[in-house]
Amino acid sequence: MAKKTEGNLIVGLDIGTSKVLAIVAEINDDGTHEIIGVGHHPSKGLRRGVVADIESTVSSIQRAIEEAELMAGCQIFSVYAGIAGAHINSFNSHGVVAIRDSEVGQDDLDRVIEAAQAMAIPNDQQILHVLPQEYIIDGQDEVKEPLAMSGVRLEAKVHIITGAVSSAQNIVKCIKRCGLQVDDIILEQLASSESVLSDDERELGVCMIDIGGGTTDIAIFHAGTIKHTAVIPIAGDQVTNDIAIVLQTPTQAAEELKKQYGCALVSQVGVNERIEAPSIGGKPARKLSRHNLAEVIEPRMEEIFVLAQAELRRSGFEEIVNSVVITGGSAKLEHAVDLAEEVFHMPVRLGLPKYEGSLSEVVLSPVFATGTGLVKFGHKGQRTEKSKQLKTSKFSDVLSRMKSWFKGSF
Ligand SMILES: Nc1ncnc2c1ncn2[C@@H]1O[C@H](COP(=O)(O)OP(=O)(O)OP(=O)(O)O)[C@@H](O)[C@H]1O
Ligand SMILES: [Mg+2]
């Protein structure tokens, strides 16, 4: 067995509204990674993707980490954590610099990315990601790999994602209280996209929708790069609430009914299929039709897809998007894909993590999209950071970006 040291482990920590999930992966000598441990625990401390109760979140993280450590037979020191919530903002920006030695070097790239970030960001917001979309050298656009290209003027188009400093700090605080370090904080839909989308989809234009418990996270890609991100604060929890209210059943029972018998299309359920819903206040359980359950679920799921479609329209990329990929726990709902096709009028598929190594049978579910994506994102980031260090010895980027998250988080 390969040695499990701090240096060759990557841990993704998805602190979701429904569950906290820790995934431990080991980096192989050939540069690939293998999942060696998975731990999850129900999450009670988040509201709509944002930490609302530190103690409860800390305890869920601890449990998930312990379980993952036990399965992997290793000790976890640091994690790549996800971030989501309505506080996330994103926009496209543009930077221009003069190329220093008539050939693009790493220094020019750093400067042009920095120039693209030079804009007023509200004091309570912090840049989470600056994602290069394309470079333009002396007017020649769509350059993906500008290093070593000749020219005098370098432009960069980037997608910038910001989040509330306090939300990021609360995530860091919870993780630190578990005795762990934070390698980086990654927007959850970027992680999910990394896990479930193919390069072809990203090239041709795709809208990825991760429907979790508290938030529905959207990421739009075209020509291989990210174009738009958004968060809608409605997801599976609302579906469960609707069931609890309409069918007068406890929330836990509503959740079970949804998972076991739920369907996103009323037309696909026979009226004669009977189910039993526990009542509130010790009254006897009631028998009802599965059709009644679908009648509650369909309008809420439709609302989520209509809101996602409105976001796609608002982004201005509706015309160039060719397909939709839905993932996250709520995408497991029977016929969710068909309902989404009715709303979007384009091909829709279920997004499962693209991973074939060990424990693939465990993580092959839309619930694991963000967790497996955090591992992939972390692994990719480490590789880029390493090659960047070799080229420029400049490692301060991530650290300086993270400084303000750590401020006041002890
Ligand atoms: N088989 C299923 N059928 C229908 N819904 C399901 C099923 N399994 C899970 N869900 C729903 O998926 C949601 C949880 O999904 P997920 O684990 O992706 O959320 P999360 O990451 O914890 O939350 P968020 O990303 O919103 O913070 C819950 O609302 C749950 O009811
Ligand atoms: Mg999630």
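The rules behind each value
Residues numbered from 1 in each chain as written. Chains lettered and ligands numbered in written order. Predicted model: local features only at pLDDT ≥ 70, side-chain atom pairs only at ≥ 80, totals over all residues. Heavy atoms only, no water. Pairing = 2+ DSSP bridges. Helix = DSSP H or I, 4+ residues; strand = E, 2+ residues; numbered from the N terminus. Axes fitted to C-alpha atoms, helices over the stretch in contact; angles between N-to-C directions. Contact = heavy atoms within 4.5 Å. Domains from an automatic or database assignment. Buried area = accessible area lost by both parts, 1.4 Å probe. Polar contact = N/O pair within 3.5 Å; in protein donor to acceptor, adjacent residues only side chain to side chain. Buried < 20%, exposed > 50% of the residue type's maximum accessible area, 1.4 Å probe, protein only. Arc of directions from axis to C-beta.

Undergrad: Looking at this structure, how should I read the sheet that holds strand E12 (residues 206–211)?
TA: As summarised here, the arrangement of the five strands in space is E14-E13-E12-E17-E18, forming an open sheet in which the pairing is mixed. The open sheet has two free edges, formed respectively by strand E14 (225–232) and strand E18 (348–350), since each of these has just one partner strand. Within the sheet, the average angular offset between the axes of one strand and its neighbour, ignoring direction, is 20 degrees. With five bridges joining them, E12 and strand E17 (residues 323–327) adopt parallel strand pairing. Directly across from methionine 208, in E17, lies its bridge partner valine 325. Sheet contacts for helix H9 (residues 336–344): E12, E17 and E18; angle to E18, the most-contacted strand, approximately 155 degrees.

Undergrad: Can you help me understand the domain arrangement of the protein in this one?
TA: It is common to give the size of an interface as the accessible area lost on bringing the parts into contact. Taken domain by domain, the protein consists of domain 1 (89–163) and domain 2 (199–352). Using C-alpha coordinates to define each centre, domain 1 is positioned 37 Å away from domain 2. Considering only the surface of domain 1 that becomes buried against domain 2, Gln133, Lys144 and His159 emerge as the three largest contributors, covering 57% of it. At the junction of domain 1 with domain 2, the criterion picks out five residue pairs in polar contact (both at pLDDT 80 or more).

Undergrad: Please explain H9 as it appears in this structure.
TA: Because each turn of an α-helix spans 3.6 residues, side chains separated by three or four positions in sequence point in the same direction. Restricting attention to buried positions, one finds in H9 the residues Ala336, Leu339, Ala340, Val343 and Phe344. The buried residues of H9 occupy an angular sector of 125 degrees when projected down its axis, which confines them to one face. Taken together, the buried residues of H9 touch E12, helix H8 (290–315), E17 and E18. Positive backbone phi, at 55 degrees, marks histidine 345, one or two positions downstream of H9.

Undergrad: Explain the sheet that holds strand E6 (residues 78–83) to me, please; I cannot follow it from the model alone.
TA: Sheet strands pair via backbone hydrogen bonds, and the direction of the pair is either parallel or antiparallel. With mixed pairing, the five strands of this open sheet are ordered in space as E3-E2-E1-E6-E11. In this open sheet, the two strands that pair with only one neighbour each are strand E3 (33–42) and strand E11 (181–187). Across the sheet, the mean angle from the axis of one strand to that of its neighbour is 20 degrees, orientation sign disregarded. Relative to strand E2 (residues 19–27), strand E1 (residues 9–15) runs antiparallel, the two sharing seven bridges. Following the sheet pairing, isoleucine 15 is matched in E2 by valine 20. Running over the sheet, helix H1 (residues 54–72) touches E1, E2, E3 and E6 and is turned about 145 degrees from E3. In the packing of helix H4 (residues 188–196) onto the sheet, contacts are made with E1, E6 and E11, and the angle to E11 comes to roughly 80 degrees.

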